[in-house]
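Each chain is listed here by its residues.
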Amino acid sequence: MMDEHCNEYVGTVYVLPETRCFELHTTVHGAPATITGTVSQLLASQFSQYVPGAIGTVDPQQVAVRPRRVEVLTRELHERHRAPRKVHLLTRVHDVEEQARPVPVSAI
């Protein structure tokens, strides 16, 4: 049996694109927590195809620069004769692409 749910967290996320692993440092119910797991295939391709300035790609080194809002899919697996276990999948990192700030033109 498998239960599946998606949660949003805010925290510092470290990504290893070569191994498709992530580590998220966040708070859960007011207590510090570390969530580890796998990066989704779509997100991993955005990291692996990173080219400076290219739209739709993400620099994996810039993700951990500041706390981010992320979506993590959690699957709780219940197998016969085994303890239940949770598997986490990083599906989305919000606010990764820094928006270029418009430079105000001073009225002369």
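This text goes with the structure placed above it.
Residues numbered from 1 in each chain as written. Predicted model: local features only at pLDDT ≥ 70, side-chain atom pairs only at ≥ 80, totals over all residues. Heavy atoms only, no water.

The next subject is the overall build of the chain. For the chain, the helix and strand inventory stands at two helices and five strands. Taking the contacts inside the chain whose residues are at least 6 apart along the sequence as the reference set, 50% of them involve residues at least 24 apart. Carbon and sulfur atoms provide 54% of the accessible area of the chain, an area that totals close to 7,700 Å². (Helix = DSSP H or I, 4+ residues; strand = E, 2+ residues; numbered from the N terminus. Contact = heavy atoms within 4.5 Å. Areas by Shrake-Rupley, 256 points an atom, 1.4 Å probe, with all protein chains shown as cover.)

Pairing geometry for strand β1 (residues 2–16) and strand β2 (residues 21–28), over five bridges, is antiparallel. The partner of V13 across the bridge, within β2, is L24. Turn length for the β1-β2 hairpin, with the two strands adjacent in sequence and antiparallel, is four residues, and the turn residue R20 shows positive phi of about 55°. The pairing of β2 with strand β3 (residues 31–39) spans eight bridges and is classified as antiparallel. Following the sheet pairing, H25 is matched in β3 by T34. Following β2, the chain reverses through two residues before pairing antiparallel with β3; H29 in that reversal takes a positive phi of roughly 55°. (Pairing = 2+ DSSP bridges.)

Time to look at the nonpolar core. By size, the foremost hydrophobic cluster in this structure holds 16 residues, and its most contacted members are V13, F22, L24, V39, V70 and L90. Of all the secondary structure elements, the ones that give two or more residues to this core are β1, β2, β3, α1 (41–48), β4 (68–77) and β5 (85–93). Apart from residues no more than four positions distant in its own chain, F22 is found in contact with V13, Y14, I35, T36, G37, T38, V39, V72, H88, L89 and L90. (Core = buried A, V, L, I, M, F, W, Y, C linked by side-chain atoms within 4.5 Å. Buried < 20%, exposed > 50% of the residue type's maximum accessible area, 1.4 Å probe, protein only.)

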